[in-house]
Each structure stands twice: as structure tokens, then as C-alpha cells.
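The chain contents come next:
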Amino acid sequence: GCILNIDVNSRYGIGIPILAGWFCKLAGQFSYENILLFICILSAIYLWACYRLLDMWASNRWVVFSGVLLILRFRFFENYMGIGIHPGGSILRHYFDIFFFICLLLHLAARQLKYILGAAVCVSLAIFAMVDTGIYLLVSFFVYLFLSDVWPAIDRFFIQKESFARKHTYFCCTNTIFYSS
């Protein structure tokens with residue numbers, strides 16, 4: 001037989017196959033139709049979460065509408081051509097990122113611990129589902145924690161303005177969102 005990580009190499013963690021198998025068991029049997037249905041359901045949830053993030057962030061209906069159209073264009077129709085050959089091109093690769101960024105945006109607005117814990121759960125689920133993108137999300141999480149907790153202390157010590165640190169935190173979050181898309 002083949003030895004895992006020697007003869008067989010996969011970027012996927014064990015989370016996505018477990019979820020897909022669980023869904024196929026609920027649907028009746030393991031088949032291509034059920035796997036595609038699983039991806040379609042997760043895609044619909046992902047698109048709804050993208051809409052909610054853009055709505056919370058921009059508060060402008062035209063920006064939200066344009067963002068959702070761009071997400072449809074580049075995340076769904078651009079990457080789905082070879083889904084049978086390259087399933088990493090689907091939204092399953094970056095599925096938990098959007099929920100992570102929703103938690104970060106809510107934390108920026110309310111500064112409550114439950115949103116940081118939600119972001120930490122999203123990071124752990126991302127590592128469980130897809131190891132490499134989960135690690136990228138973990139680094140983004142540490143950068144956010146540094147900029148939201150350590151940087152304001154440095155900022156107050158040197159510059160004495162709270163707005164300077166807040167601008168850098170927003171800038172980092174914005175760049176992280178576009179980098180991971």
C-alpha cells in the first residue's frame with residue numbers, strides 16, 4: 001500500500017474529507033452528485049458570508065453588489081473549470097477565511113473577547129480543513145493580535161494618538177483580506 005505523506009501527498013487536512021463523507025452519508029450514498037451538492041451548499045454559505053462581510057464593512061449597497069459580482073466572477077467561474085482535477089481551486093480551499101474576517105471586523109467594532117475566540121476557532125478549523133491556508137490564516141491572526149493589542153501601546157508611548165494605531169490596524173486587515181482572496 002501507499003504511505004501517507006511519502007507515496008501520497010495532499011494539501012488537504014482531514015477536515016474536508018470528513019465533512020464530505022458525513023454529508024454523503026446523510027444524503028444516502030457517496031457519489032459525484034452528492035460531492036457536487038456538498039460543494040454547492042458550502043459555496044452558497046460562503047457567498048452569503050461574503051455578502052454579510054461586505055455589508056458590515058462598506059455599508060454602501062453598490063459596493064456590496066459590485067463586490068459580490070466580483071466574487072462570483074473570480075472565485076466561482078474562474079476556478080471551477082477543473083474541479084474534478086483540481087478541487088483546491090474551489091472555495092473549499094479558503095472556506096473559513098471569510099468567517100475569520102467577519103470575527104475580526106466585529107472585534108474591531110466592539111472589542112469583545114468572544115469575537116477573538118471566534119476568529120481563533122476559524123483559524124483552527126482552517127488548519128483542520130486545509131493545512132497550508134490554515135497556516136496563512138494563523139499568521140494573519142497573529143499579525144492582527146499584534147496590531148490590535150501591542151501596537152496601540154507602542155503608539156501611545158511614542159506618538160500619543162490613538163488614531164494612528166487604528167489606521168494601521170485597518171490597513172493591515174484590508175491588506176490581509178485582499179491577500180487571501
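See above for the structure.
None of the values given here were measured: they were computed from a predicted structure.

### Overview of helix 4 (residues 97–110)
Between its first and last C-alpha atoms helix 4 spans 20 Å; for 14 residues at 1.5 Å apiece the expected length is 20 Å, and the two agree. The buried fraction of helix 4 amounts to ten of the 14 residues, a majority that puts the element mostly inside the structure. For helix 4, the set of buried residues is Asp97, Ile98, Phe100, Phe101, Ile102, Cys103, Leu104, Leu105, His107 and Leu108. Arg111 lies just past helix 4 and shows a positive phi near 55 degrees.

### As for the packing of helix 1 (residues 15–27) against helix 2 (residues 32–58)
The interhelical angle for the contact between helix 1 and helix 2, taken along N-to-C directions, is 115 degrees, at an axis separation of 9 Å. What the angle tells us is that helix 1 and helix 2 run roughly perpendicular. When the axes of helix 1 and helix 2 are compared, the crossing they make is right-handed. Along the contact surface, helix 1 presents Leu19, Ala20, Phe23, Cys24 and Ala27, while helix 2 presents Asn34, Ile35, Leu37, Phe38 and Ile41. By residue class, the composition of the contact of helix 1 with helix 2 is nine nonpolar, one polar and no charged.

### Focus: the packing of helix 4 against helix 5 (residues 113–129)
Relative orientation of the contacting elements helix 4 and helix 5 amounts to 165 degrees, with a least axis distance of 8 Å. On the basis of their axis angle, the class for helix 4 and helix 5 is roughly antiparallel. Note on packing geometry: the crossing formed by helix 4 with helix 5 is left-handed. Judged by residue contacts, Phe99, Phe100, Cys103, Leu104, Leu106, His107 and Ala110 of helix 4 engage Tyr115, Ile116, Gly118, Ala119, Cys122 and Val123 from helix 5. Grouping the amino acids of the contact of helix 4 with helix 5 by side-chain chemistry returns eleven nonpolar, two polar and no charged.

### With respect to the pattern of salt bridges
Scanning all chains against the criterion turns up two salt bridges. Asp55 is the salt-bridge partner of Arg61, the closest N and O atoms lying 3.1 Å from each other. The buried category is assigned to Asp55, whose relative accessible area is 16%. A single salt-bridge network, built from bridges that share partners, covers Arg52, Asp55 and Arg61.

### Examining a nonpolar patch on the surface
The grouping of Ile14, Ile18, Val121, Leu125 and Phe128 at the surface amounts to a nonpolar patch, some 440 Å² of accessible area in total. Positionally, Val121 belongs in helix 5.

### Observations regarding the packing of aromatic side chains
Applying the stated criterion across every chain, the model contains eight aromatic pairs. Consider the rings of Phe100 and Phe141, whose centres lie 5.9 Å apart with planes at 70 degrees: the pair is edge-to-face. Highlighted residues: Phe100 in helix 4 and Phe141 in helix 6 (residues 131–158), separated in sequence by 41 residues. For the pair Phe100 and Phe141, one class covers both residues: buried. Counting every residue linked through ring pairs, the aromatic cluster contains Tyr46, Tyr95, Phe96 and Phe99.

### With respect to the environment of Phe128
In this fold, Phe128 is placed in helix 5. Classification of Phe128 as partly exposed rests on a relative accessible area of 37%. Along the sequence, Phe128 and Gly13 sit 115 residues apart, while their C-alpha atoms lie 5.4 Å from each other. If sequence neighbours within four positions are ignored, Phe128 has contacts with Gly13, Ile14, Gly15 and Ile18.

The rules we used
Residues numbered from 1 in each chain as written. Predicted model: local features only at pLDDT ≥ 70, side-chain atom pairs only at ≥ 80, totals over all residues. Heavy atoms only, no water. Helix = DSSP H or I, 4+ residues; strand = E, 2+ residues; numbered from the N terminus. Expected span 1.5 Å × (residues − 1). Buried < 20%, exposed > 50% of the residue type's maximum accessible area, 1.4 Å probe, protein only. Axes fitted to C-alpha atoms, helices over the stretch in contact; angles between N-to-C directions. Parallel < 35°, antiparallel > 145°, perpendicular 65-115°, else oblique. Left-handed = near helix turned anticlockwise from the far one by under 90°. Contact = heavy atoms within 4.5 Å. Nonpolar A, V, L, I, M, F, W, Y, C, P; charged D, E, K, R; others polar. Salt bridge = Lys/Arg side-chain N within 4 Å of Asp/Glu carboxyl O. Patch = residues over 30% accessible without salt bridge, like charges linked within 9 Å, V, L, I, M, F, W, Y side chains within 5 Å. Areas by Shrake-Rupley, 256 points an atom, 1.4 Å probe, with all protein chains shown as cover. Phe/Tyr/Trp six-rings, centres within 6.5 Å; stacked < 30°, edge-to-face > 60°.

Remember that the coordinates give geometry; whether it matters functionally is a separate question.
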